[in-house]
Amino acid sequence: MKAKIKIAALFLLGFSAVNAQKVDTKTAKTYAEISSKTDGKWEGRKYIGGTVFKNVDRLKLAPEHTDHSFDIRYEGPGWENNRIGYRLYLDWRNAIDIFGKKTSEIILPKVGQDNFDSYHEMSDWGADILKAGKGIGIGSIDRYLNNEKLHFREVDSTIATVSNKANESSVKVNYYGWKTASDKIDFTSILTIKPNDLYTKHTIQASKEIKGICTGIVKQKNTELLKKESKNKKWAYLATYGQQSLVPDKLGMAIFYEVSTIENIADTELDYLLVFKPSTKSTSFYLLGAWEQEVNGIKSQADFVKYLNEKLEILNKKGKM
């Protein structure tokens with residue numbers, strides 16, 4: 001009983017992290033993590049010093065944290081399965097990036113351990129293969145209002161939690177007091193990955209109905225935009241394919257979404273955006289990347305479209321994947 005009271009007191013005091021549960025990454029087919037330093041110090045918006053990144057199951061962002069603060073390994077939580085990996089920039093950018101994998105092994109525990117972004121360079125496991133830049137990445141969240149994309153620049157607090165179960169891994173992010181324009185809301189994002197496929201299920205929920213909550217795909221050169229609706233008109237996909245990876249080589253990206261949840265599709269300078277209808281209901285969609293260097297990877301646009309159509313048919317019949 002005393003232990004429970006002590007733990008509760010730590011949370012009330014703003015305790016920022018909860019130690020991670022052990023995961024056997026040699027046998028796991030999915031994995032999620034977030035890893036930060038605790039033995040350095042803040043100097044302005046940069047985290048200076050510190051020798052060890054420590055995995056935790058729960059992390060509350062420090063008020064000083066921003067992009068390239070160097071306190072969080074590869075800048076946010078990561079999640080993967082035996083085919084592909086993803087990461088979320090846990091700062092004002094809030095973009096999802098792709099780790100292309102050349103192996104079926106779990107690779108995230110060794111990514112970024114050298115205190116540097118060497119994961120941009122090709123290695124035996126693969127590399128970061130998507131340039132998000134100022135774009136939305138793949139399947140992340142922003143707000144699009146008056147032809148302007150509003151990021152997560154003003155948030156009272158942000159808490160990320162990771163979970164690893166037998167057949168799935170997930171990242172949950174709670175944004176408290178996200179302010180954009182004249183609105184201030186709480187927002188929840190849950191990203192779930194299962195074994196053997198390329199997609200991540202992204203479930204979002206806002207505490208208040210506001211216009212402009214959006215997801216999308218960052219625009220790259222040398223790509224073709226692909227769209228299709230299911231036979232029952234309830235589901236659709238928005239996708240791109242071409243030589244758009246950082247390698248450079250062929251990469252496909254896609255989002256499957258419920259047609260009834262979308263207010264409009266915006267073709268902007270940086271992104272293709274899916275703008276959701278205002279809602280406080282939980283909404284789910286699916287995001288994915290398909291890299292040609294993956295083991296038995298998709299190597300042509302025709303095969304990518306075939307893959308997308310097969311997934312769309314599953315959604316047409318079952319309403320979920």
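Residues numbered from 1 in each chain as written. Predicted model: local features only at pLDDT ≥ 70, side-chain atom pairs only at ≥ 80, totals over all residues. Heavy atoms only, no water.

1. Section: the environment of aspartate 186
Phase 1: As for its position among the elements, aspartate 186 is in strand β14 (residues 183-193).
Phase 2: Aspartate 186 sits in the partly exposed class, given a relative accessible area of 35%.
Phase 3: Measuring from C-alpha to C-alpha, the distance between aspartate 186 and aspartate 303 comes to 40 Å, with 117 residues separating the pair along the chain.
Phase 4: Contact partners of aspartate 186, with chain neighbours within four places excluded, come to Tyr175, Tyr176, Gly177, Gln205, Ala206 and Ser207.
Phase 5: A polar side-chain atom of aspartate 186 sits 2.9 Å from the main-chain amide nitrogen of glycine 177. (Helix = DSSP H or I, 4+ residues; strand = E, 2+ residues; numbered from the N terminus. Buried < 20%, exposed > 50% of the residue type's maximum accessible area, 1.4 Å probe, protein only. Contact = heavy atoms within 4.5 Å. Polar contact = N/O pair within 3.5 Å; in protein donor to acceptor, adjacent residues only side chain to side chain.)

2. As for the sheet that holds strand β21 (residues 271-276)
Phase 1: Strand order in the open sheet made by the five strands is β11-β10-β16-β21-β20, with antiparallel pairing throughout. Taken across any chain shown, the strands that pair with only one partner, and hence form the sheet edges, are β11 (148-150) and β20 (262-267). Strand-to-strand twist in this sheet, taken as the mean axis angle between neighbours without regard to direction, amounts to 35°. (Pairing = 2+ DSSP bridges. Axes fitted to C-alpha atoms, helices over the stretch in contact; angles between N-to-C directions.)

3. Some thoughts on helix α2 (residues 301-318)
Phase 1: In this model, α2 (18 residues) spans 26 Å end to end at C-alpha, consistent with the 26 Å of a helix rising 1.5 Å per residue.
Phase 2: Where the residues of α2 are buried, they touch β17 (223-229), β18 (235-242), β19 (251-258) and β22 (283-291).
Phase 3: Looking one or two residues past α2, glycine 319 carries a phi angle of roughly 80°, positive in sign. (Expected span 1.5 Å × (residues − 1).)

4. Structural notes on the nonpolar core
Phase 1: Residues Leu288 and Phe304 are the most contacted members of the largest nonpolar core, which totals 65 residues.
Phase 2: Leaving out residues up to four positions away in the same chain, phenylalanine 304 has contacts with Leu226, Ala239, Thr240, Tyr241, Gly252, Met253, Ala254, Leu288, Ala290 and Ile298.
Phase 3: By size, the runner-up hydrophobic cluster in this structure holds 10 residues, among which are Ala28, Tyr74, Ile106 and Ile107. (Core = buried A, V, L, I, M, F, W, Y, C linked by side-chain atoms within 4.5 Å.)

5. Points about the pattern of salt bridges
Phase 1: Taken as a whole and assessed by the stated rule, the structure comprises 18 salt bridges.
Phase 2: Residue lysine 101 is joined to glutamate 80 by a salt bridge in which the shortest nitrogen-to-oxygen separation is 2.7 Å. Of this pair, lysine 101 sits in strand β8 (residues 96-101) while glutamate 80 sits in strand β6 (residues 78-81), and the two are 21 residues apart along the sequence.
Phase 3: Taking relative accessible area as the criterion, lysine 101 reaches 1% and is therefore assigned buried. (Salt bridge = Lys/Arg side-chain N within 4 Å of Asp/Glu carboxyl O.)

6. With respect to the side chain of lysine 149
Phase 1: If you trace the backbone, lysine 149 turns up in strand β11.
Phase 2: Here the side chain of lysine 149 touches lysine 134 through a polar contact of 3.1 Å, landing on its backbone oxygen.
Phase 3: A distance of 2.5 Å separates a polar atom in the side chain of lysine 149 from a polar atom in the side chain of aspartate 271.
Phase 4: Ignoring any residue separated from it by four or fewer positions in sequence, one finds lysine 149 in contact with Lys134, Gly135, Ile136, Asp142, Arg143, Tyr144, Leu270 and Asp271.

7. Re the pairing of strand β15 (residues 199-206)
Phase 1: Most of β15 is tucked away: six of the eight residues are buried.
Phase 2: Pairing geometry for β14 and β15, over seven bridges, is antiparallel. Residue pairing in the sheet places threonine 192 in a bridge with lysine 201 of β15.
Phase 3: As consecutive antiparallel partners, β14 and β15 are separated by five residues, and within that stretch asparagine 196 has a phi angle of approximately 75°, a positive value.

8. Quick notes on the packing of aromatic side chains
Phase 1: Applying the stated criterion across every chain, the model contains 14 aromatic pairs.
Phase 2: Ring centres of tyrosine 74 and phenylalanine 99 lie 5.7 Å apart, and the angle between their planes is 85°; this geometry places the pair in the edge-to-face category. Taken together, the residues span a long stretch of sequence, with tyrosine 74 in the loop between β5 (53-60) and β6 and phenylalanine 99 in strand β8 at a distance of 25 residues. Neither tyrosine 74 nor phenylalanine 99 differs from the other in exposure class; each is buried. (Phe/Tyr/Trp six-rings, centres within 6.5 Å; stacked < 30°, edge-to-face > 60°.)

9. Here we look at unusual backbone geometry
Phase 1: Here the residue pair valine 247 and proline 248 is connected by a cis peptide bond, since its omega of 0° sits within 30 degrees of zero.
Phase 2: Examined against the element boundaries, proline 248 turns out to sit in the loop between β18 and β19.
Phase 3: Its identity is not glycine, yet asparagine 147 carries a phi of approximately 60°, on the positive side.
Phase 4: With respect to the element layout, asparagine 147 can be found in the loop between β10 (142-145) and β11.

10. Focus: the pairing of β19
Phase 1: Burial analysis of β19 places seven of its eight residues in the buried class, which makes it a mostly covered element.
Phase 2: Examined bridge by bridge, β18 and β19 share eight bridges and lie antiparallel to one another. Within β19, the residue paired with leucine 238 across the bridge is isoleucine 255.

11. A look at a positive patch on the surface
Phase 1: Together, Lys194, Lys201, Lys318 and Lys320 line one region of the surface with positive charge.
Phase 2: Since its relative accessible area comes to 64%, lysine 318 is described here as exposed. (Patch = residues over 30% accessible without salt bridge, like charges linked within 9 Å, V, L, I, M, F, W, Y side chains within 5 Å. Areas by Shrake-Rupley, 256 points an atom, 1.4 Å probe, with all protein chains shown as cover. Lys, Arg positive; Asp, Glu negative; His and termini not counted. Charge placed at Lys NZ, Arg CZ, Asp CG, Glu CD.)

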